[in-house]
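The primary structure of each chain is shown beneath.
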Amino acid sequence: MKREMQHSSVEQIYIDISDTLAAFRSLIGLVYFLIAVVLVFSCIMYIFFEIVPVKGTYDVGSGDSVNCLVQLHGSTPEKGDLVVLKKQGLSARIVEDKGFSTDEKYKDYQLSDEYLLVSINEVNGSRTLAAVKPEEIKGKIVFVVSPIKYFGTPPDKLF
């Protein structure tokens, strides 16, 4: 079998350049698509979530706070949720969200419908019970973002 020499005609050069430009246009289209996906994802994250520094018992002595991804919109606080209080920046667990508490430990606490009973995680390691209005809650803790040693730690274990 004889191998034939390739002819480099003007037409073949034009076809090669055209193929290269088409591949380049496809690559640019893919980059534009990825940028659009990232922008849409960022906008959705900005609307529903915020990264907030949260104080709690883990930072006794160090004074550092942990940054958490907090869900601002899209859900109402329910019993058992970990939330962040607006003014103090402390984490708290909702003990009861309406009426009388069914738990024996909290049966003496009477709540009106506009208050939630929360157990606030103080920085010194203690827990304080308080009745707060839903407006005083910034949002629900979803994910731990920083520092790196706490990244991805389930919020239930950290707070």
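To be clear, the structure that these remarks concern was listed above.
We now turn to the structure provided with this report. (Residues numbered from 1 in each chain as written. Predicted model: local features only at pLDDT ≥ 70, side-chain atom pairs only at ≥ 80, totals over all residues. Heavy atoms only, no water.)

## Some remarks on the pattern of salt bridges
Now for step 1: Under the definition given, this model contains two salt bridges.
Now for step 2: In this structure, Lys138 and Glu50 form a salt bridge, with 3.9 Å as the shortest nitrogen-oxygen distance. Separated by 88 residues along the polypeptide, Lys138 in strand β7 (residues 137-146) and Glu50 in strand β1 (residues 49-54) bring together distant segments of the chain.
Now for step 3: Of the charged contacts, one joins Lys140 and Asp81 as a salt bridge, the two residues approaching to 3.9 Å between their closest N and O atoms. In this pair, Lys140 sits in strand β7 while Asp81 sits in the loop between β2 (66-71) and β3 (82-85), placing the two residues 59 residues apart along the sequence. (Salt bridge = Lys/Arg side-chain N within 4 Å of Asp/Glu carboxyl O. Helix = DSSP H or I, 4+ residues; strand = E, 2+ residues; numbered from the N terminus.)

## Re the environment of Ser91
Now for step 1: Tracing the backbone through its elements, the reader meets Ser91 in strand β4 (residues 91-96).
Now for step 2: Classification of Ser91 by relative accessible area gives buried; the value is 0%.
Now for step 3: Linking Ser91 and Pro155, residues 64 residues apart in sequence, is a C-alpha distance of 9.8 Å.
Now for step 4: Residues contacting Ser91, with those up to four places away along its chain left out, are Val54, Lys55, Val83, Ser119, Ile120, Asn121, Ile141 and Phe159. (Buried < 20%, exposed > 50% of the residue type's maximum accessible area, 1.4 Å probe, protein only. Contact = heavy atoms within 4.5 Å.)

## Things to note about the environment of Thr128
Now for step 1: As for its placement among the helices and strands, Thr128 is situated in strand β6 (residues 127-132).
Now for step 2: Of the residues examined, Thr128 reaches a relative accessible area of 32% and is grouped as partly exposed.
Now for step 3: Taking the C-alpha atoms as reference points, Thr128 and Val118, separated by 10 residues in sequence, lie 8.1 Å from one another.
Now for step 4: Beyond its immediate sequence surroundings of up to four residues, Thr128 is in contact with Val118, Ser119, Ile120 and Glu122.

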